[in-house]
Amino acid sequence: MYWQERSFNSRRQLLTIFFIIVILAAQRLPVQANQRADLTGDELNNSVLLMTSVASFKETARADYAQALLTFSKERGMAQLHKIDQLIWEAPQAQLGWMSFFNSAIVAYAGIEEKSPVVGFYNPYSDVLLITAWAKDQDIYQIVDAEILMGDWIRRDNKDLDLIPLWLRGSQHRPVTLGLSVAKTLLSFEEIFSAATLTNWRQKLLILNDEDLLDDVNTPSIILMMNEHLLTLLDFSAPEEEDEFTKTCKKRASDVIKLAADNKFDTLLSVADETLPQTARHIRTYPEEWFSSLSVANVRTGPEGCLVFLSHPQQTSRNLALFFQGAKSIYLRPKRIDLIDYQFFYNELKQDPTKGGIL
């Protein structure tokens, strides 16, 4: 770990197979364990249609949540998604809130070959999972039920619910804990809902049928966690006039992304000299468009510098972390770049669950 983080502000703590592969590659989704290799023609077509519908819902919701509900949900699904929106956000911040959520949300599928698959949208920075049940309606899949939960409910390995997102607990290197938190959550999600159907998916997790627990414990926690994430992004995008440290960190991050987009890696890596060799090799292979489309997903600051996380809204399974070292704004310099490949962490943890022991 590079620095000791500043504690949370008390205000925030309280607040066809080919087509399947093409779609998975485009979205950079983890290959699900329950994906059968012997799909029939109809099942294959349904899988493609589902993935297309899910991707379109996510992209639409980033820009216009209300329109996404009108197009990709119906009946109870629409009512639930509207209720979630009303509970979490104040009206002026609602669309910004959903943009911040979906910009870095990873998609997870369970029971993909079933008539009513369950799809999760997990934002690791807020440690919140939007669970959606889908059903086919002619030439589109639509959301017919939904719930939003803290990540702790899904992982079921923490006796005490924690408002601090999983990746921020403990003192390990944050890019590593971020990758592990995604892997642990997605693997748990798949395990719980692998055989889920429209009629029984809520029976797979006790809290999904406990209205009192949802209303009294889960919802207030979700409100605080998602608004904390949004406030972090808003503070970084428009820092106070006297906050030179944040303004400088923001400018340094923009400068690094421009160098990468302009393919000036020699210049960049000569300064960020603690970047791992394999990371240096990998980022050189990424196209200009990937870097220029990155948006800020989270920011951590501490006495030794600032750490900026960036995500590509359409390819959220790889994030970039930029560490800038310096106790004061005038000393901030890029020191290390990390490429956080969620697929790598997913594969490693699936093969050896003990590797998640640091969380």
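Residues numbered from 1 in each chain as written. Predicted model: local features only at pLDDT ≥ 70, side-chain atom pairs only at ≥ 80, totals over all residues. Heavy atoms only, no water.

### Re the overall build of the protein chain
Here comes step 1: When helices and strands are counted, the protein chain shows 14 helices and eight strands.
Here comes step 2: For the protein chain, with 359 residues in total, the buried portion stands at 54%.
Here comes step 3: Counting only carbon and sulfur atoms, one obtains 54% of the accessible surface of the protein chain, whose full area is about 16000 Å². (Helix = DSSP H or I, 4+ residues; strand = E, 2+ residues; numbered from the N terminus. Buried < 20%, exposed > 50% of the residue type's maximum accessible area, 1.4 Å probe, protein only. Areas by Shrake-Rupley, 256 points an atom, 1.4 Å probe, with all protein chains shown as cover.)

### Remarks on the sheet that holds strand S1 (residues 106-110)
Here comes step 1: Pairing is antiparallel across the open sheet formed by four strands, whose spatial order is S1-S2-S3-S4. Single-partner strands in this sheet number two, and they are S1 and strand S4 (140-150). Strand-to-strand, the axes of this sheet are offset by a mean angle of 25°, without reference to chain direction.
Here comes step 2: Across the sheet, helix H4 (residues 65-72) is in contact with strand S3 (128-137) and S4; its angle to S4 comes to roughly 130°. (Pairing = 2+ DSSP bridges. Axes fitted to C-alpha atoms, helices over the stretch in contact; angles between N-to-C directions. Contact = heavy atoms within 4.5 Å.)

### Here we look at the sheet that holds strand S5 (residues 295-302)
Here comes step 1: Spatial strand order, S5-S6-S7-S8: four strands in an open sheet with antiparallel pairing. At either end of the open sheet lies a strand with only one pairing partner, and these are S5 and strand S8 (333-341). With strand direction ignored, the average angle separating the axes of adjacent strands in the sheet is 20°.
Here comes step 2: Against the sheet, helix H14 (residues 342-351) engages strand S7 (315-325) and S8, with an angle of about 55° to S8.

### A word on the confidence of the model for the protein chain
Fine structural detail should not be taken from predicted coordinates in areas where pLDDT scores are low.
Here comes step 1: On average, residues of the protein chain score 88 in pLDDT, and 86% of them reach the 70 mark or higher.
Here comes step 2: When the criterion is pLDDT under 50, residues 6-34 qualifies, and its contacts beyond four places in sequence or with other chains add up to 75 contacts. (pLDDT = per-residue confidence, 0-100.)

### Quick word on the nonpolar core
Here comes step 1: Judged by nonpolar contacts, the single largest core of 76 residues is most densely connected at Phe-121 and Phe-193.
Here comes step 2: Looking at which element gives the most residues to this core, the answer is helix H8 (residues 174-193), with nine residues.
Here comes step 3: With 28 residues, the next largest nonpolar core counts Phe-236, Ala-253, Ala-280 and Ile-337 among its residues. (Core = buried A, V, L, I, M, F, W, Y, C linked by side-chain atoms within 4.5 Å.)

### So, a negative patch on the surface
Here comes step 1: On the surface, Asp-210, Glu-211, Asp-212, Asp-215 and Asp-216 cluster together into a patch of negative charge.
Here comes step 2: Within the secondary structure, Asp-215 sits in helix H9 (residues 211-237). (Patch = residues over 30% accessible without salt bridge, like charges linked within 9 Å, V, L, I, M, F, W, Y side chains within 5 Å. Salt bridge = Lys/Arg side-chain N within 4 Å of Asp/Glu carboxyl O. Lys, Arg positive; Asp, Glu negative; His and termini not counted. Charge placed at Lys NZ, Arg CZ, Asp CG, Glu CD.)

### Describing the pattern of salt bridges
If charged atoms from side chains of opposite charge come close, those side chains can pair.
Here comes step 1: For the coordinates displayed, the defined rule picks out 18 salt bridges.
Here comes step 2: With its nearest N and O atoms 2.7 Å apart, the salt bridge here joins Arg-62 to Glu-59. In this pair, Arg-62 and Glu-59 are both assigned in helix H3 (residues 41-63), three residues apart and thus about one turn of the helix distant.
Here comes step 3: Of the charged contacts in the structure, one is a salt bridge between Asp-262 and Lys-258, with a shortest N-O distance of 2.9 Å.
Here comes step 4: The partly exposed category is assigned to Asp-262, whose relative accessible area is 35%.
Here comes step 5: With a relative accessible area of 55%, Lys-258 lands in the exposed category.

### Notes on the packing of aromatic side chains
Here comes step 1: Under the defined criterion, the tally for this structure stands at 20 aromatic pairs.
Here comes step 2: The interplanar angle of 0° and the centroid separation of 4.4 Å between the aromatic rings of Tyr-65 and Trp-98 together place this pair among those described as stacked. On the criterion of sequence distance, the pair formed by Tyr-65 in helix H4 and Trp-98 in helix H6 (residues 94-103) is long-range, its members being 33 residues apart.
Here comes step 3: Of the residues examined, Tyr-65 reaches a relative accessible area of 4% and is grouped as buried.
Here comes step 4: An aromatic cluster of three or more residues is present, and its members are Phe-57, Tyr-65, Phe-72, Trp-89, Trp-98, Phe-101, Phe-102, Phe-121 and Trp-134. (Phe/Tyr/Trp six-rings, centres within 6.5 Å; stacked < 30°, edge-to-face > 60°.)

### Considerations on the packing of H3 against H4
Axis angle and axis distance: for two packed helices, these are the angle between their axes and the distance between the axes, and together they describe the pair.
Here comes step 1: The contact between H3 and H4 brings their axes to 6 Å, and the two run at 150°. By the angle class used here, H3 and H4 are roughly antiparallel. Facing H3, whose interface residues are Ser-53, Ser-56, Phe-57, Thr-60, Ala-61 and Ala-63, H4 presents Tyr-65, Gln-67, Ala-68 and Phe-72. (Parallel < 35°, antiparallel > 145°, perpendicular 65-115°, else oblique.)

### A closer look at the pairing of S5
Here comes step 1: Direction of pairing for S5 relative to strand S6 (residues 305-312): antiparallel, over a ladder of seven bridges. Following the sheet pairing, Thr-301 is matched in S6 by Cys-306.
Here comes step 2: Counted along the chain from S5 to the antiparallel partner S6, the turn is two residues long.

### Details of the side chain of Ser-53
Here comes step 1: With respect to the helices and strands, the residue Ser-53 is situated in helix H3.
Here comes step 2: Taking the relative accessible area as the measure of exposure, Ser-53 reaches 4% and is therefore buried.
Here comes step 3: When residues no more than four places from it in sequence are discounted, the contact partners of Ser-53 are Phe-72, Trp-134, Ile-140 and Tyr-141.

### Brief notes about H9
Here comes step 1: Taking 1.5 Å per residue, 27 residues should reach 39 Å; H9 reaches 37 Å between its end C-alpha atoms and fits that length.
Here comes step 2: Measuring from the side-chain oxygen of the N-cap residue of H9 to the backbone nitrogen of Asp-212 gives 3.3 Å; that N-cap residue is Asp-210. (Expected span 1.5 Å × (residues − 1). Polar contact = N/O pair within 3.5 Å; in protein donor to acceptor, adjacent residues only side chain to side chain.)

### What about the packing of H3 against H6?
Here comes step 1: As a packed pair, H3 and H6 sit with axes 7 Å apart at the nearest point and diverge in direction by 140°. Considered as vectors, H3 and H6 are oriented oblique to each other. Like other packed secondary-structure pairs, H3 and H6 cross with a definite hand, here left-handed. The residues of H6 that touch H3, namely those facing Phe-57, Lys-58, Ala-61, Arg-62 and Ala-63, are Gln-95, Trp-98, Met-99, Phe-102 and Asn-103. (Left-handed = near helix turned anticlockwise from the far one by under 90°.)

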